Each structure stands twice: as structure tokens, then as C-alpha cells.
4 protein chains.
Amino acid sequence: MAQARNTITAIKAPELQTSRWLNAPQPLTLASLRGKVVVLHTFQIFCPGCVQVGIPQAQKIHQEFDPDRVAVIGLHTVFEHHSAMGPDALEVFAYEYRLRFPIGIDKYEGEPQGVPMTMRAYQMQGTPTLVLIDKNGYIRLHKFGHISDLTVGFSIGALLSEEAEESSRSTESSETAASGAIDTSAICDTDGCNVK
Amino acid sequence: MAQARNTITAIKAPELQTSRWLNAPQPLTLASLRGKVVVLHTFQIFCPGCVQVGIPQAQKIHQEFDPDRVAVIGLHTVFEHHSAMGPDALEVFAYEYRLRFPIGIDKYEGEPQGVPMTMRAYQMQGTPTLVLIDKNGYIRLHKFGHISDLTVGFSIGALLSEEAEESSRSTESSETAASGAIDTSAICDTDGCNVK
Amino acid sequence: MAQARNTITAIKAPELQTSRWLNAPQPLTLASLRGKVVVLHTFQIFCPGCVQVGIPQAQKIHQEFDPDRVAVIGLHTVFEHHSAMGPDALEVFAYEYRLRFPIGIDKYEGEPQGVPMTMRAYQMQGTPTLVLIDKNGYIRLHKFGHISDLTVGFSIGALLSEEAEESSRSTESSETAASGAIDTSAICDTDGCNVK
Amino acid sequence: MAQARNTITAIKAPELQTSRWLNAPQPLTLASLRGKVVVLHTFQIFCPGCVQVGIPQAQKIHQEFDPDRVAVIGLHTVFEHHSAMGPDALEVFAYEYRLRFPIGIDKYEGEPQGVPMTMRAYQMQGTPTLVLIDKNGYIRLHKFGHISDLTVGFSIGALLSEEAEESSRSTESSETAASGAIDTSAICDTDGCNVK
């Protein structure tokens, strides 16, 4: 079945590391979203595949599903052209495209350069990347590039049907998909922008 | 949540009443599909909304999901222009559009005229109509017109997560959504063709 | 430039040979349309490429341009599955798809079989085929399969800018693109249905 | 006929006033393009209607037509969010969207603010705006928002059929569509971004 592709099972979703949020009264954490299915859409504002396909899909998910059960979160993971995709540019983009869901800005260890911290922790290949996190905080789908609405809808439906665990496993952070250094040169095609 | 619209809950799906099948070695029954989620796509070959949206969606579902768990079934429910939409025309249509899933032809009590029997039993408003039937044979979604891929995918994901019952409830036929006579005049718009 | 592809220049358009017309008070002839640019869209009602791309394009041309200067004409050229695509089926199709432009039915020498007469005279490869005929009755573009709106629009714009000749050349029928027998087996793909 | 809408006839196209060019070895002027049909596509990189419809249309025109006869030119007319849409951001955008046609940056009298000079001279309502300029340098079509490929193609075909004048009229600059001050607040919808 389609949703099985690109799935990394039983890995705890690393906590988001962000420098700023749009459309959110305060910084969001995955820990605070336990009990919901989380749809994490990572993108860059000048990535054609994100703007033309990924972002509209995230908007549809945000519009069609109940925010109390399905949390749509954008994550701006800039790994190229950092100076042109700063917070101000993102703010204009979100305003003009009328994005209403919370959007975090992925953090750097120092100055903006290379691959940001959350993107590295998830070992993402590029943008757009869609990550589905279950009610207990585990990564259940991790897809770089495009993924059909049927498959995303299916996966959300399946994850929502699962029980949330009584005790949060949010302390088991040693399971995270931490990665080492990733080379930062990138290239974009119709599918998305790759970290090479 | 979107999938709640047009849902008729806890109604046993009436058995299909068909005169012929395409793409099936022998006539299919819903009873024989217990344990699977059934996607019943009803259409007419000259209904623009069916040809342009409904049929392509049914094909995508058939391609993306495992046929051992999700059974996609077409049902040709001709309620207008009967002479132009006979079995031979359907066969040509299915061949040219390369439809691979089983397609039943809805049956009439005598000569082809008015609304056919399965369409009446389900009280369908027109074509296209999508019906999702759960593993135990109950109608869980019943939608006339278009429905987004996200919502269909979501509903299939949710229904697949449910348990199948030990004992089939297929005897409880008194619960069927039987209907009386339905007027047969019809009109098509971009959404579909209505029984009025 | 794109419009140059598939062009057969300086060939007089063979007169239409039809058995019946829809959306026309009386049979149309190309001779009667001298002075207008003629957009001849040939199709079959069960050809997916026609229904999904060719027909919508013909409808847009009919809606966007002045009928006194640009004559959109459909031609139903059935070269396969003749019994399923008879006049009654075409009539239902035209009604349900709300086609408003005149549609002729291509004629056979005897019973409907093989490639019809106009289709043979134009040596068409299959459906959909778009033919643009200039104000003086000459074929200026002849394209099997899809052709972009930009190119069709461009070609119409260029042809409309030309002068109509004083004396009609409609007697020069010896120049027609007459062809011999064409094998009738056919196959359809996403682009259209081929005469092989 | 569709192309008649939004047409301003017989107005000399004001010369472009630009601060910089991408994809051009040296600054382009309309004067140097006499004899060609000029397709001037004005846009902003964060205008959804530009990115989703206008830019792809300009790219198709650039790909389908002969650059020796049809000159496609982009003009970045930033009238809002100036700091986020500077030259560096435009360069990244053009690189990631693989734009190959020359793109000028509309000039300001001083610091980037308000409506830039060329946009004012053409009295544009917002972005996207498409302007077609004939071989003699006259504005023949001026359309804010979307315009169909059929109509754009038609207009290019008609303009290409016209003769270029022997003597350039480029001195008749008194005819330009100069405008006074334009208020700079803006709003975007699915069609484009308006200067209000």
C-alpha cells in the first residue's frame, strides 16, 4: 500500500528547534501536541515544488480536517539562499498566500547557513518533505517530494484511528533520528529541492 | 470533519442487483467482500462529472491501494438515455478508458427504463455517487457529486483500521435503505447528473 | 515556430461529406464558409483524449471567438466501435456535454464500417485531429493529438489577418488530399486514438 | 472578440525604466526591439497569481515562439513589501523557477518605495499585468489579471501578421500613458495583486 513507502517506523519524532513562529501566539512543541496527529510540512518559499504542490496540499489538509485532532504545522527549513529567505520574506509569503496554520522557522546553531537543526535531526533530503507524527509522537510517514492526496488522507485516517497512550513517551529522546553533518549544496527540480 | 458530510450511519448496504459484469470472472456480491473496505463508484458513461472527475478518482484508488484490502467496484447506473448507454457502449468505454476494476451493470425489473434497482435501493440522487462500505457490510459514506481525494483517502484509512466482526451481519437485510419509486427525469451539471 | 509543425500548406480542404448534422438548421459546407477561418475539430465520443482535451479546447474556441469570423465545427469521425458510437449516442453526448457548435457526422460509402469518407479524404491519422482552414478554403494546419491553446490561438490570429480572395477557388477540387484505403484497426492512448 | 477587452489602442509604449537586468547581457530597451512583437509580463515574486499562472504562461510563450519575432520580457514591478522583494530575492526566484527570458527590475526615483516608474508610466493596476507591444512600439493589449492562452496566442498571431513601419515612431513620446501619483497600498487575491 502506498503509505508504506518512505515510512520510518517506530522512531520518535525529534522535537522542533525553531527561532520564531508565525500564526502562533507562542512557540509550538511536538510535546504539547501529543494526542493529535501532526502533519509537518517543511518547505522553502522559493522552492517551486513547495509553492505549487506542497503548500496547497497543506492548506487543504488544514481546511478539511478538525484542528483539534489534526495539527498542520509548517516548518521553513532554509538550506540554500539563506539571505533571500529570511523571516521577513517568509512573513510576506505567508501573508500573500494566506497561510493560516502555524509556521515555525527552523533554527541554526549560529548564523543562518547550511542545513538548519530540525531538518538535520530528521535527516530530511530536501523540500518539500511531509512528516506525519502519530498521537504518541512517533514518525509514521516521512516523504520527500510529492505524495498524493489519497495517500496523505489515508494515512491521517489510519493514524487518527489509533489510541493515544496513557503515559507520554516524550522523555525517550535517545531514539531520535539524529544525524551528522549534511553537505549543503542543493538543486531544485519539479519535484522539489534536494540537499545533496 | 469533512468525511462526516453525507454519511448515513449504521445502514446495511443493500446487495448489488446486476445484469452483467465487466472485468470480473463471475458476478460479484457485497456478501463475498466482507472483511474488505468496498469503494462503490456509480456512474454513467455520458455523465461529464463522472468521466472527468469520478472515474479518474476511482482509477487512482484502484491503483494506489491493495486490492486484497480495498475493493474498488464500478456500477453503471443508467437512469436516462438508456438506449445510448447499453452494455456494448459501456464495454467500449471501459476498453478505451482502460478501466481495470470490476464494473457491474445495474439491473432493471423489466426493460431498461427509469432508475435501476440498486440505484433505487441506495436512494442515490444521481451520478457520480461514491459509497464506502465497511468490512462488515455497512454504508459509512454516501456522497453524490465530487468528494476530495483527501476525504476519500481519510475515510478508507479510518475504515481499514476497524476490526471485521466475527459473525457476518449479512442477514439483517431489513435495515436496507429501500426506497419507493423515484422520478426519472434527470439533468447534468458540472458536478454530476441528478435524478429529480 | 510551433504552428509550423504538422502543417500541410497550399492544399485545398476537401469538402465535408456528412450524413447528418447536430446544432445546425441545415447541412454545412466548407464552400459556404469562405471568408471565415474554419476550426474543424474531429473526434469520437469514446476517445479519452478527445473528451478530456480536444472537446474542451473546441468549446473554448467557440466561446472566445466571434462566430462571424471563426467557425468552429465538430466532425464525428467514427473509425472503430461503430455500433456503440451511432447518431443517438452522439446526440446524448452533445446534450450532456452542452456542445453548442455545429457537429457533422462523417459519412460512409455504405454501412458504417472502417474509416469514414471525410476522414479518408483528409488522410487523418486518428482522433482528435484539429484542422484549420483559411478564408479561401485552404488547409493551413492539420494536427493529430494535442496542440496547445497558445499555438491554436496564434494560428487563428494569423489566419484572420489574411485577406480573403475575391474569387472563390472552390472549384479547384482536384487538389484535394484524397487517399486510398486505410486500414481500420485502431488503438487509443492518452494522446488520442490512432488509425493504424 | 476576447482580445478587444482591456485594449488601449494607439498609445505608444513608454520606454522601460529599469535599474538592473537578469538574463540579459546588457540593458534592454523597447526601442531596440522595434520589428518584433513584445510580450511584457510584469510580476512580483510573492504574488500568487503571478507565480501560479502568469509566470508559467510567460514561460510557455518564450518556449513556443521564435525569439527573433516574439520577445518575451519580464518586468519585476515591486509596489509592496519592497524590502522582501529586492534584486537578490528576484535572482534566487528566477534561478529556482528556471526563468530564461530577460527580466528587468522596475526603477524607483529614489529608494525603493511605492509604485515604480515603468509601472506608473503604464498606469498598471497591479500584478500580473500582460502588455503586448506591436512591431512599431504601440501598446495593443494591456491586461491586469489572467488572460487565456487562446487570447494571448491569438493576439500575438494577429500582431505578427502586421507590417513593421519603415521609419520608427520612437520619437513620439508625448503620446505616452504617463500618470500621476498612484496610492501604493495593495491587496492580493487569486487573480493578482492590486494597486489600490
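Structure first, text after, so check above.
What comes next is a walk through the structure. (Residues numbered from 1 in each chain as written. Chains lettered and ligands numbered in written order. Predicted model: local features only at pLDDT ≥ 70, side-chain atom pairs only at ≥ 80, totals over all residues. Heavy atoms only, no water.)

## With respect to the sheet that holds strand S1 (residues 11-12) of chain C
Residue and element names in this part refer to chain C.
Then step 1. Pairing is mixed across the open sheet formed by seven strands, whose spatial order is S1-S8-S7-S3-S4-S5-S2. Edge positions in the sheet fall to S1 and strand S2 (18-22), since each of these pairs with one other strand and no more.
Then step 2. Pairing of S1 with strand S8 (residues 138-144), which is carried by two bridges, proceeds in the antiparallel orientation. For Lys12, the partnering residue across the bridge sits in S8 and is Tyr138.
Then step 3. The sheet strands contacting helix H1 (residues 48-64) are strand S3 (37-43) and strand S4 (70-76), and the helix crosses S3 at an angle near 160°.
Then step 4. Its contacts with the sheet place helix H2 (residues 87-96) against S2, S3, S4 and strand S5 (103-106), and it is angled at close to 25° to S2. (Pairing = 2+ DSSP bridges. Helix = DSSP H or I, 4+ residues; strand = E, 2+ residues; numbered from the N terminus. Contact = heavy atoms within 4.5 Å. Axes fitted to C-alpha atoms, helices over the stretch in contact; angles between N-to-C directions.)

## Concerning unusual backbone geometry
Then step 1. For the bond running from Thr127 of chain C to Pro128 of chain C, omega is -5°, close enough to zero to count as cis.
Then step 2. Relative to the helices and strands, Pro128 of chain C is located in the loop between strand S6 (126-127) and strand S7 (129-133).
Then step 3. Phi is positive for Gln123 of chain A, which is not a glycine, with a value near 50°.
Then step 4. Note that Gln123 of chain A resides in the loop between helix H3 (117-121) and strand S6 (126-127).

## Topic: the state of the cysteines
Residue and element names in this part refer to chain B.
Then step 1. According to the stated counting rule, one finds four disulfides over all chains in the structure shown.
Then step 2. With a sulfur-sulfur separation of 2.4 Å, Cys47 is cross-linked through a disulfide to Cys50. Measuring handedness by torsion sign, the sulfur bridge of Cys47 and Cys50 sits at about 80° and is right-handed.
Then step 3. Accessibility expressed as a relative area gives 0% for Cys50, which makes it buried. (Disulfide = S-S within 2.5 Å. Buried < 20%, exposed > 50% of the residue type's maximum accessible area, 1.4 Å probe, protein only.)

## As for the interface of chain A and chain B
Reports often express the size of an interface as the amount of accessible area lost when the parts come together.
Then step 1. With 20 residues of chain A in contact, the opposing surface of chain B contributes 20 residues.
Then step 2. Across the chain A/chain B interface, buried area totals approximately 1,700 Å², and carbon plus sulfur atoms make up 72% of it.
Then step 3. On inspection of chain A and its partner chain B, the count reaches zero salt bridges.
Then step 4. Scanning the region where chain A abuts chain B turns up six residue pairs in polar contact (both at pLDDT 80 or more). (Buried area = accessible area lost by both parts, 1.4 Å probe. Salt bridge = Lys/Arg side-chain N within 4 Å of Asp/Glu carboxyl O. Polar contact = N/O pair within 3.5 Å; in protein donor to acceptor, adjacent residues only side chain to side chain.)

## Description of the interface of chain D and chain A
Then step 1. Counting residues at the interface gives 20 residues for chain D, matched by 20 residues for chain A.
Then step 2. Buried surface at the junction of chain D and chain A, both sides included, amounts to about 1,700 Å², of which 61% is carbon and sulfur.
Then step 3. Of all residues in chain D, Phe46, Glu96 and Tyr97 of chain D bury the most surface against chain A, accounting for 37% of the area lost on that side.
Then step 4. Counting across the interface, chain D meets chain A through zero salt bridges.

## Observations concerning the environment of Ser148 of chain A
Then step 1. Locating Ser148 of chain A in the fold gives a position in the loop between strand S8 (138-144) and helix H4 (149-160).
Then step 2. For the pair formed by Ser148 of chain A and Val131 of chain A, sequence separation is 17 residues and the distance between their alpha carbons is 14 Å.
Then step 3. Ser148 of chain A has contacts with Gln57 of chain A together with Glu64 of chain B, leaving out every residue within four places of it along the chain.
Then step 4. A polar contact of 2.8 Å, which involves the side chain of Ser148 of chain A, links it to the side chain of Glu64 of chain B.

## A few points about the relation of the copies chain D and chain A
Then step 1. The transform that puts chain D on chain A rotates by 180° and translates by 0.0 Å along the axis, for an RMSD of 0.0 Å. Read as a symmetry element, the transformation amounts to a two-fold axis. Taking the C-alpha atom as reference, chain D places Gln52 of chain D closest to the rotation axis, 3.5 Å from it.
Then step 2. Comparing interface residues between copies, 100% of those in chain D also lie at the interface in chain A; the contact surface is shared. (Least-squares fit on C-alpha atoms with pLDDT ≥ 70 in both.)

## Focus: the relation of the copies chain A and chain B
Then step 1. Turning chain A through 180° and shifting it by 0.0 Å along the axis lays it on chain B, with an RMSD of 0.0 Å.
Then step 2. Both copies present the same face, since 100% of the interface residues in chain A are matched by interface residues at the equivalent positions in chain B.

## Topic: the pattern of salt bridges
Then step 1. Per the stated rule, a full pass over the model turns up 16 salt bridges over all chains.
Then step 2. Residues Glu162 of chain C and Arg140 of chain C are paired through a salt bridge, measuring 2.7 Å at the closest nitrogen-oxygen approach. On the criterion of sequence distance, the pair formed by Glu162 of chain C in the loop between helix H4 (149-160) and strand S9 (186-188) and Arg140 of chain C in strand S8 is long-range, its members being 22 residues apart.
Then step 3. A relative accessible area of 28% places Arg140 of chain C in the partly exposed class.
Then step 4. Several salt bridges converge on common partners, so that one network encompasses Asp134, Arg140 and Glu162 of chain A.

Geometric values such as these leave the question of function open.
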